[in-house]
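# Structural characterization, general
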Amino acid sequence: MGIYFTEKNGITAIKFKELDETGLVDHWYTTRIGGVSSGAYASMNPGITTKDELQNIMENRRLLKEAFKINPRETLNLVHGDKVLRIEELAPEGEVPEADAAITNVPGLPLVIFYADCAGVYIVDRAKKAIGLAHAGWRGTAASIALKTVNAMRKEFGTNPKDCTAVIAPSIGPCCFEIGEDAAEIFFESFSREYSEQHRKELKESISKINKDKYKANLWKINEIQLISAGIKQESISAANLCTFCREDLFYSYRRDNKITGRMGAAIVLRT
């Protein structure tokens, strides 16, 4: 995968060469470097749902907009589900629609989500010139949010998955993501639906038992298999393979930081 860091006005963000190569979109994925927040939220925290000072959050968002030219106004209230929302315009100020993925074919309309540890999944339909952005936490991943986002693009825009490029952003990695037996069972039950026998086998192998009641889950692999199952070519899917839990120098982590932490932002917009 081709990831690279870009720095503007002291703010460091990650970009993905695979998305650049489509020639259709601008995008970013923020690190914690830059911004004005302090303490547990140091320093580029754009997450409005945190207990950071509101004036710091809004200043961080203003700095992001100035540096990377994408309005970081939040378009979704993430609820860890499987709802995919078609966005045709920004919601009125103060109204934030609830969903965990958004799709659009409107140039200049940014899709933006803020989260920590979860996986962000970027999708670009190169032929129909449409985009999707999914928030794949463990519950969303278990609910096949990546697969459902591609299916929504197929329904709304006539997307052929073979024309899509997909990128899985940094998240908590298989090295660190432990889940209990209850969560593992939710994953296993979800794998019994919507997937071929081969994909079900691969999905189950992405959840490994480490002791009597603990498992490790590979969100990167699970989301990759979902995208393949949706019809995207494997060679058109890339994962950053950067663990937010391990890389405290770059990322906030909800688990590592005992829930008191900032948020990273993922954004994508079709060029006008």
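Up top is the structure.
Residue indices follow the written sequence of each chain, beginning from 1 at its first position. Two thresholds apply to this predicted model, a pLDDT of at least 70 for residue-level local features and 80 or more for giving and counting side-chain atom pairs, whereas whole-chain, interface and lining totals are computed over all residues. Side-chain numbers come from the whole structure's heavy atoms, not from hydrogens or water.

### A word on the overall build of the chain
Numbering of helices and strands starts at the N terminus; helices are DSSP runs of H or I of at least 4 residues and strands are runs of E of at least 2. Looking only at helices and strands, one finds seven helices and 14 strands in the chain. C-alpha atoms of the chain, sized along the principal axes, occupy 50 × 45 × 35 Å. In the chain, which comprises 272 residues, the share counted as buried stands at 55%. Long-range contacts, defined here as pairs at least 24 residues apart, represent 64% of the contacts in the chain between residues at least 6 apart. For the chain, the exposed surface amounts to about 11,800 Å²; the carbon and sulfur share of it is 46%. In this charge count, Lys and Arg are treated as positive and Asp and Glu as negative; neither His nor the chain ends contribute. All charge positions are set by atom: Lys at NZ, Arg at CZ, Asp at CG, Glu at CD. On the chain, the mean spot of the 36 positive side-chain charges and the mean spot of the 36 negative ones are 2 Å from each other. Only protein chains enter the accessibility calculation, which uses a 1.4 Å probe. A residue is then buried if its area is under 20% of the maximum for its type, exposed if over 50%, and partly exposed in between. In what follows, a contact means two residues having at least one pair of non-hydrogen atoms within 4.5 Å. Areas reported as accessible are Shrake-Rupley estimates using a 1.4 Å probe. Residue values count occlusion only from the protein chains shown.

### Structural notes on the packing of helix H4 (residues 145-157) against helix H7 (residues 219-229)
Packed helices, taken two at a time, are described by their axes: the angle between them and the distance between them. Taken N-terminus to C-terminus, the directions of H4 and H7 make an angle of 30°; their axes are 8 Å apart at the nearest point. In terms of orientation, H4 and H7 fall into the roughly parallel class. Here H4 and H7 pass one another in a crossing that is right-handed. On H7, the residues that touch Ile 145, Ala 146, Leu 147 and Val 150 of H4 are Asn 223, Gln 226, Leu 227 and Ser 229. Residue classes follow a fixed rule: Ala, Val, Leu, Ile, Met, Phe, Trp, Tyr, Cys and Pro count as nonpolar, while Asp, Glu, Lys and Arg count as charged, and any other residue, Gly among them, counts as polar. Classifying every residue of the contact of H4 with H7 gives five nonpolar, three polar and no charged. Convention adopted: a line fitted to C-alpha atoms gives each axis, helices being fitted over their contacting stretch, and angles between N-to-C directions are expressed from 0 to 180 degrees. Note on terminology: angles under 35 degrees are roughly parallel, angles over 145 are roughly antiparallel, angles of 65 to 115 are roughly perpendicular, and the others are oblique. Less than a right angle of anticlockwise turn of the near helix away from the far helix marks a crossing as left-handed, whereas a clockwise turn marks it as right-handed.

### Quick look at the sheet that holds strand E7 (residues 119-125)
Sheet strands line up and pair through hydrogen bonds in the backbone, either parallel or antiparallel. The six strands are arranged E4-E5-E8-E7-E9-E13 in an open sheet whose pairing can be described as mixed. Pairing within the sheet leaves two strands with one partner each, and these edge strands are strand E4 (84-86) and strand E13 (237-239). Neighbour to neighbour, the strand axes of the sheet diverge by 15° on average, direction disregarded. Pairing between E7 and strand E9 (residues 164-168): five bridges, direction antiparallel. When the bridges of E9 are listed, Val 124 appears paired with Thr 165. Contacts between H4 and the sheet are confined to E4, strand E5 (101-104), E7 and strand E8 (130-136), with E8 contributing the most and set at about 155° to the helix. Note: two strands are recorded as paired if DSSP finds a minimum of 2 bridges between them.

### Considering the pairing of strand E12 (residues 214-217)
Covered by surrounding structure in E12 are Tyr 215 and Ala 217 only, the residues Lys 214 and Lys 216 on the alternate face being uncovered. Bridge count for strand E10 (residues 178-180) against E12 is three bridges, and the pairing is antiparallel. Paired with Glu 178 across the strands is Lys 216, a residue of E12. Taken together, strand E11 (residues 207-211) and the strand that follows it, E12, pair antiparallel across an intervening segment of two residues.

### Structural notes on the packing of aromatic side chains
Under the pairing criterion, centres of Phe, Tyr and Trp rings, with the six-membered ring standing for Trp, must be within 6.5 Å; the plane angle then separates stacked pairs below 30 degrees from edge-to-face pairs above 60, leaving the rest tilted. Counting across every chain of the model gives seven aromatic pairs. Plain terms: the ring middles of Trp 138 and Phe 187 are 5.9 Å apart, the flat faces sit at 45° to each other, and that makes the pair tilted. With Trp 138 in helix H3 (residues 138-142) and Phe 187 in helix H5 (residues 181-191), this pair connects stretches of sequence that are 49 residues apart. Summarising the aromatic geometry, the rings of Phe 188 and Phe 191 are spaced 6.4 Å apart at their centres and angled 70° between planes, so their arrangement reads as edge-to-face. In this pair, Phe 188 and Phe 191 are both assigned in helix H5, three residues apart and thus about one turn of the helix distant. Through a chain of ring-to-ring contacts, the aromatic side chains of Trp 138, Phe 187, Phe 188, Phe 191 and Tyr 215 assemble into a single cluster.

### Some details on the environment of Arg 61
Relative to the helices and strands, Arg 61 is located in helix H2 (residues 54-68). Separated by 17 residues in sequence, Arg 61 and Met 44 have C-alpha atoms that sit 8.7 Å apart.

### Brief notes about the pairing of strand E1 (residues 3-8)
Pairing of E1 with strand E2 (residues 11-16) involves six bridges; the strand directions are antiparallel. Bridging from a neighbouring strand, Tyr 4 pairs with Lys 15 of E2. Once E1 ends, the chain turns through two residues before running back antiparallel as E2, passing Asn 9 with a positive phi of about 55°.

### Thoughts on the nonpolar core
Only buried residues count toward a nonpolar core. Its members are Ala, Val, Leu, Ile, Met, Phe, Trp, Tyr and Cys residues joined through side-chain atoms within 4.5 Å. Grouped together as the largest cluster of nonpolar side chains are 41 residues, with contacts concentrated most on Ile 123, Ile 179, Phe 187, Ile 207, Leu 227 and Ile 232. Elements that contribute at least two residues to this core include exactly E5, E7, E8, H4, E9, H5, E12 and H7. Considering each element in turn, this core owes the most residues, seven residues, to H4. When neighbours within four sequence positions are excluded, Ile 123 is seen to be in contact with Ala 130, Ile 131, Gly 132, Ala 146, Thr 149, Val 150, Met 153, Cys 164, Thr 165, Ala 166 and Leu 227. In this structure, Leu 19, Leu 85, Leu 133 and Ala 266 belong to the second largest nonpolar core, which totals 32 residues.

### Considering the pattern of salt bridges
Side-chain pairs of opposite charge can arise whenever the charged atoms involved come near each other. Every case where a carboxyl oxygen of Asp or Glu lies within 4 Å of a side-chain nitrogen of Lys or Arg is listed as a salt bridge. In the structure shown here, the tally under the stated rule is ten salt bridges. Between Arg 271 and Asp 26 there is a salt bridge whose closest N-O contact spans 3.0 Å. Of this pair, Arg 271 sits in the segment after strand E14 (264-270) while Asp 26 sits in strand E3 (residues 25-30), and the two are 245 residues apart along the sequence. Arg 271 sits in the partly exposed class, given a relative accessible area of 39%. Between Arg 256 and Asp 257 there is a salt bridge; the shortest N-O distance is 2.9 Å. Grouping residues by exposure puts Arg 256 and Asp 257 together as buried.

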